[in-house]
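Next come the chains, spelled out residue by residue.
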Amino acid sequence: MRKTILYLIGLLAFLTSCSNSEKTYRIAVSQCSEDIWRHKLNDELKMGTYFYDNVELSFASADDSDEKQIEQINQFVSDGIDLLIVAPNQVATVSPAIDKAFDKGIPVIVFDRKTNSEKYTAFIGADNFEMGRLMGEYVATQLKGKGHVLEIMGLKGSSPAIERHNGFVKAISSYPGITLVASLQGDWTEESAVKAVKEWQQTVGGDLKSPTYRIDFVFGQNDRMAVGASKALSQSGTKYCGIDGLPGEGNGIECVRDSVLEASYIYPTHGDEVLQLAMNILEGKPYEKDNRLMASLVTKDNANVLLLQNEELVRQSHNVDLLHAQADNYLHELNYQRIITLFLAIIIFIIVISGMIIVSNMRRRHRLERQAFSMVVNVPESEEPVEKPSAQEDHPHITKVTPEEQTHLEAGADARFLEKLRSRVQEQMGDSDFSVETLAEQMGVSRVQLYRKVKTLTGRTPVDIIRLSRLNRSKVLLETTDKNVSEVAYEVGFTAPSYFTKCFKDEFGISPSDL
Ligand code: FRU
């Protein structure tokens, strides 16, 4: 019985866990840096999860450190993630860690920055060579094909720095009047540009005043470095441009609107598309290996419109956030109610099944006891005791009784007597004070009459019948319940378990504890 209940509780746990059995995909995002561009991307990735209820995102930022990023990727791999989204800090150093993850069978999406191997599932990002080239065209056109240009490069060894440089150089090389005075090394931060420009000025020293070093345009490979250069360069009349074109206070688009920068290029983040790509891969849907995001130029002409559009976008995504939170609450509530309903259904199921088991056990025990009693009294078992004679049969003056009928009536009276004896004994055997005297009184005869009648009908004495009935019931209880020997001994009216054990052994030849 206890085992059955345990099985049912196990079933409950199983069914509860099945109620939310859809696989949850664990996607890890390894960011090379921590900055506003990456925050925007992370927020969009999170928003992308609103369309799925089976995604779990984990983020890690390497703070521009290759070692840290390698460690974080390895950790993600050993955590057993389902997919890795990664922007590698520097190509050569971080690529082997990404290869390792890919070799372990983890799908890899490389975004924004590239690796130097083919071991990835898909790439998504803008074309950095093309953006560098378009910025070169823009600068050359602004300078009408003649002037001095300074470039501030992003982190050495990172793919956008290499590709933006190559594109930029390619574009301006078609303009013989344009001179690239220097390509200074930065690391994508504003401070790195300030430092690079100051150091360069010191190197050039007094020559800075000569026309050779007069800088007409600075191309910062991102907006932050372009702004840093504008703060550090001690020349007037120089123009600046960068890449990223982020909305928000003090970012690229505002800098263009406020004429700190001449232009910027929107370097798209599109986190929702990155997540969509990840889900297509995980769910076995079709996807492209190479996914290029469109970029576009920001100038004073469109900066205001872009900022207004962005304000609208921020407002709408705030509303989407609120709606999502509401839907989330509603879903939680629904889920909770589903679990409660399931729980109640299973409890009712357990109660019904337990009831059925109890009733069937009781019936079985009852049947076994009847059989045992029939054996005790040495008469065949009968479910239906012979009918009591009818009123007519009670009055022989109305109809004469034949000798056969008389024998039948006597047999019926004996059967009824034995049935009454059985039910009295079985009802009261649990009472250790139950005695032959009590039994005789209840049967409406004297002790001696009881002895004689019982002995004649069954070949046993009443004391024997009580003792054997107790022992038979104890055997049934030991065989059909989890009760121990002492509990059973008391239940069938023995006052000492040790005496019960002795009687049981004498009767059945085995110890009750062997059952
Ligand atoms: C942000 C950032 C951007 C730049 C990109 C290149 O971390 O530095 O400013 O455009 O990364 O990967």
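Details of the structure are given in the entry above.
(A) Local environment of the overall build of the protein. In terms of regular secondary structure, the protein is built from 18 helices and twelve strands. Compactness check: the protein gives a C-alpha radius of gyration of 47 Å against a globular reference of 24 Å for 515 residues, more than 25% above the reference. When burial is assessed residue by residue, the protein has 43% of its 515 residues classed as buried. Side chains of the protein carry 56 positive and 71 negative charges; the gap between the two charge centres is 5 Å.

(B) Summary view of the pairing of strand β6 (residues 147–153). Here β6 lies mainly inside the structure; seven of its seven residues are buried. Neither face of β6 is left uncovered, since the one carrying Gly147, Val149, Glu151 and Met153 and the one carrying His148, Leu150 and Ile152 both have all their residues buried. Across seven bridges, the pairing between β6 and strand β7 (residues 178–185) is parallel. Considered in β7, the bridge of Met153 is made with Gln185. Running through helix α6 (residues 159–172), the crossover from β6 to the neighbouring parallel element β7 is right-handed. As judged from the four bridges shared by β6 and strand β8 (residues 217–220), these two strands associate in the parallel manner. What sits directly across from Leu150, in β8, is Val218.

(C) A look at the packing of aromatic side chains. A complete count under the given rule lists eight aromatic pairs for this structure. Ring centres of Phe500 and Phe504 lie 5.7 Å apart, and the angle between their planes is 55°; on these two criteria the pair is classed as tilted. Taken as a pair, Phe500 and Phe504 lie in helix α18 (residues 497–508) at a separation of four residues, close to a single helical turn. Of the residues examined, Phe500 reaches a relative accessible area of 0% and is grouped as buried.

(D) Spotlight on the environment of Ile353. Looking at where Ile353 falls in the secondary structure, it is placed in helix α11 (residues 300–377). For Ile353, a relative accessible area of 24% puts it in the partly exposed group. Considered as a pair, Ile353 and Asp464 are 111 residues apart in the sequence and their alpha carbons are 39 Å apart.

(E) Region of interest: the packing of helix α2 (residues 36–48) against helix α10 (residues 271–282). The geometry of α2 relative to α10 is characterised by a closest axis approach of 7 Å and an angle of 50° between their N-to-C directions. For the element pair α2 / α10, the angle class is oblique. Relative to α10, the crossing made by α2 is right-handed. Here Leu41, Glu44, Leu45 and Gly48 of α2 lie close against α10, whose contacting residues are Gly271, Asp272, Val274 and Leu275. Considering only residue class, the contact of α2 with α10 consists of four nonpolar, two polar and two charged.

(F) Main features of the site of the ligand. As a structural note, the neighbourhood of the ligand is formed by 13 residues, with Asp35, Arg38, Asp112, Arg113 and Asp244 the closest of them. Between Arg38 and the ligand, the recorded distance is 2.6 Å, taken from a side-chain N or O atom to an oxygen atom. Separating an oxygen atom of the ligand from a side-chain N or O atom of Asp244 is a distance of 2.5 Å. Its free accessible area being 310 Å², the ligand has 100% of it covered by the protein chains.

What counts, and where the lines are drawn
Starting from 1, residues in each chain are numbered consecutively following that chain's sequence as written. Owing to the predicted nature of the model, reporting of local features is limited to residues with pLDDT of at least 70; listing and counting of side-chain atom pairs is limited to 80 or more, with chain, interface and lining totals taken over all residues. To get the side-chain values, all heavy atoms of the structure are used, and hydrogens and water are removed first. A run of DSSP states H or I qualifies as a helix once it reaches four residues; a run of E qualifies as a strand once it reaches two. Both are numbered from the N-terminal end. Two things to know: the radius of gyration comes from C-alpha atoms, and the globule rule equals 2.2 Å times the number of residues to the power 0.38. Whether a residue is buried, partly exposed or exposed follows from its accessible area with a 1.4 Å probe, protein chains only, as a fraction of its type maximum: under 20%, in between, or over 50%, in that order. Within this scheme the basic residues Lys and Arg register as positive and the acidic residues Asp and Glu register as negative, but His and the chain ends are omitted. Note on charges: their place is set at NZ of Lys, CZ of Arg, CG of Asp or CD of Glu. Strand pairing is defined by DSSP finding a minimum of two bridges between the two strands. Here the term right-handed applies to a crossover when the path leading from its first strand over the helix to its second strand runs clockwise, the strands being oriented away from the viewer. Only Phe, Tyr and Trp rings take part, Trp by its six-membered ring, and two of them pair if their centres are within 6.5 Å. Stacked means planes under 30 degrees apart, edge-to-face means over 60, and tilted covers everything else. What counts as an axis is a line fitted to C-alpha atoms, over the stretch in contact for a helix, and the angles between N-to-C directions run from 0 to 180 degrees. Note on terminology: angles under 35 degrees are roughly parallel, angles over 145 are roughly antiparallel, angles of 65 to 115 are roughly perpendicular, and the others are oblique. Two helices that cross are described as forming a left-handed crossing if the nearer one is turned anticlockwise from the farther one by less than a right angle, and a right-handed crossing if clockwise. By definition in these notes, contact holds between two residues if any of their heavy atoms fall within 4.5 Å. Amino acids outside the nonpolar list (Ala, Val, Leu, Ile, Met, Phe, Trp, Tyr, Cys, Pro) and the charged list (Asp, Glu, Lys, Arg) are all regarded as polar, and Gly is one of them. Whether a residue is near a molecule or strand depends on its heavy atoms: it is near if one of them lies within 4 Å of it. For this analysis, a polar contact is any N or O atom pair within 3.5 Å, provided that within protein one partner can donate a hydrogen and the other can accept it, and provided that sequence-adjacent residues contribute only side-chain to side-chain pairs. Accessible surface is estimated by sampling points in the Shrake-Rupley manner with a 1.4 Å probe; for residues, cover comes only from the protein chains shown.

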